[in-house]
Structure formats: C-alpha cells, structure tokens
Amino acid sequence: MSADQPGSQDEDFHLGAAVHSSDGTEIGTLSRLILGKDDLTLKAFVVKENRRFTGHLLSPGSWLLADEVIVPRGGVGSISRDRVVLKLTANNVRDLPAYLSYRYRDETATEGLTEEAISVLTSSPAIPSSLEQVANKGADELEIEGGENVMLGQTGKRLGTVKDVLFDNSELIGVAILPDGIFKQEVILPRRFLQRSADLALFAPLSDADLARLKPFEPAGARPAPPDLRPPTPSAPAPRTPAG
C-alpha cells in the first residue's frame, strides 16, 4: 500500500512506526502487536507515548505510571511503513486504556491499586516485589513486542530479539529476528515455531535441522544476504571431453 492511503492491511503494520493522531499530534511509536492465539490475526496494537505527549517533558523528575495505550485494530485511519495515522484525536487517545497496570500479587485483575502503592510507583522507578504488571489483553490473545528475547526452546540459549512482525495481507507469516545470540544475521522465524512463555519471551522449539533451514530476512531494498546464509547453488557439470 502506498504512503498514507486510507484504510490498512495487517501487512502495513511495522514495529517502531511513528503514530500520529487525526489532528496531527505525534503520539509515539508502535511498540507491540496483539494477535488472536487461535487464528494469529491482528486484534489491536500498543502505542508507546513519547515524552512530550505524556507530559514528562514538563516534569522530568517524575516517574510515569503508564506510557503505553492499547488501540483497537479499527482505530487506524491511514498507514505507511513508517507512519500510522489514527482515526482518533489527541484528546481521544488520552482517554484510551493503559496497556500495562499494576496490582498486588494476591489481587484479582479487577482490583485496583491502593493510594500507597500508587505513591510508591510514582516516586521511584523500582517496582516493589509485591507488585506485578498486568497486560490489558485477553487470555486468548498473544503479544509480540519489538526488542523482546527469542529463546531456543527451554535451553536458555537466546536466538536474538524481535525486529518486526511479518504479515501477508491478514495472515501472519512469522517474526523477523535481529542477531543477538546464536544467530549472526537477521532471519525469519516462521509462525509454526512461535510459542509464548510466562516470562514475556518468545520461545522457538527448533531442532538443528530447523535452524539450518531458516531463511535470511531481507527487507525491501536491502542488499542480498551474504553467501554463508544463502542456499548452496548447485555447481554446473564439468564439460565432457570428446573421446579419442
């Protein structure tokens, strides 16, 4: 889809894209995608607000209680690879629900924080061990965040970190991984290997053969992958020498 056309397809969403309101205010960046666990289609996305939009520039010594909001999939007015324009005004965005909230570990998800807990959170960047983060998503939804770790099964070895999420129209293809562990080049991790764990990392149960078959990630306009990541090219047969 060309730049800023009305409407959007799932393949237009890219982690790190700038997000603007319908009245021209820069809100922040696209930080997470929320997918349905069963069909792996895009349900919503999370915007990390910038310091100006949150007001943090006006009070730089304060710690923010929440700086990410969740936007429904239908909240997009127009989109290009690097820019998302919402159907919502800046005031509308300020009324959106926060993506992360905090609660005591023995509370239910519907119980809020006490004034004492809020005071602790807003006065110190360290979250007390008695509190936990709660994501504003359903049990039937999967979150993929830019920069999160991708682990090799339960081995404790890191493959790399999430760079982007790849769609073909509305169908999830896989995840592009930045090398920061076993991998030395960017690769595509197909959707069939994606698993979620409780500690907010993606886990990929890959065998040695699976690792060898992963394809290099080559964004549009990028240079071809180095030879050691390409499939071997069959050698041409040697010319036959005439008899006699």
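Just above sits the structure.
Residues numbered from 1 in each chain as written. Predicted model: local features only at pLDDT ≥ 70, side-chain atom pairs only at ≥ 80, totals over all residues. Heavy atoms only, no water.

Before going further, it helps to spend a moment on the overall build of the chain. A count of helices and strands for the chain gives four helices and 17 strands. Considering the chain as a whole, with its 244 residues, one finds that 38% of them fall into the buried category. (Helix = DSSP H or I, 4+ residues; strand = E, 2+ residues; numbered from the N terminus. Buried < 20%, exposed > 50% of the residue type's maximum accessible area, 1.4 Å probe, protein only.)

To describe a pair of aromatic rings, you give the distance between the ring centres and the angle between the ring planes. In this structure the tally under the stated criterion is one aromatic pair. When the centroid spacing of 5.5 Å and the interplanar angle of 55° are considered together, the rings of phenylalanine 13 and phenylalanine 45 count as tilted. Taken together, the positions of phenylalanine 13 in the loop between strand S1 (5-6) and strand S2 (18-20) and phenylalanine 45 in strand S4 (residues 42-49) put the pair 32 residues apart, joining distant regions of the chain. The exposure class of phenylalanine 45 is buried, given its relative accessible area of 0%. Lying across the ring of phenylalanine 53, arginine 94 places its NZ or CZ 3.9 Å from the centre. (Phe/Tyr/Trp six-rings, centres within 6.5 Å; stacked < 30°, edge-to-face > 60°. Lys NZ or Arg CZ within 6 Å of the ring centre and 35° of its normal.)

Another point: the pattern of salt bridges. Summed over the entire model, instances satisfying the criterion amount to eight salt bridges. Its salt-bridge partner being glutamate 68, residue arginine 32 comes within 2.8 Å of it at the nearest N-O pair. Here the residue arginine 32 occupies a position in strand S3 (residues 26-36), and glutamate 68 occupies one in strand S5 (residues 68-72), the gap between them amounting to 36 residues. Side by side, arginine 32 and glutamate 68 carry an identical accessibility label, which is buried. Note that arginine 213 and aspartate 210 form a salt bridge whose closest N and O atoms lie 3.0 Å from each other. On the criterion of helical spacing, the pair formed by arginine 213 and aspartate 210 is a turn pair, its members being three residues apart in helix H4 (residues 208-213). Judged by relative accessible area, which is 59%, arginine 213 ranks as exposed. Residue classification places aspartate 210 among the buried residues on the basis of a relative accessible area of 15%. Each of Arg32, Glu68, Glu143 and Glu145 takes part in salt bridges that share partners, so that together they form one network. (Salt bridge = Lys/Arg side-chain N within 4 Å of Asp/Glu carboxyl O.)

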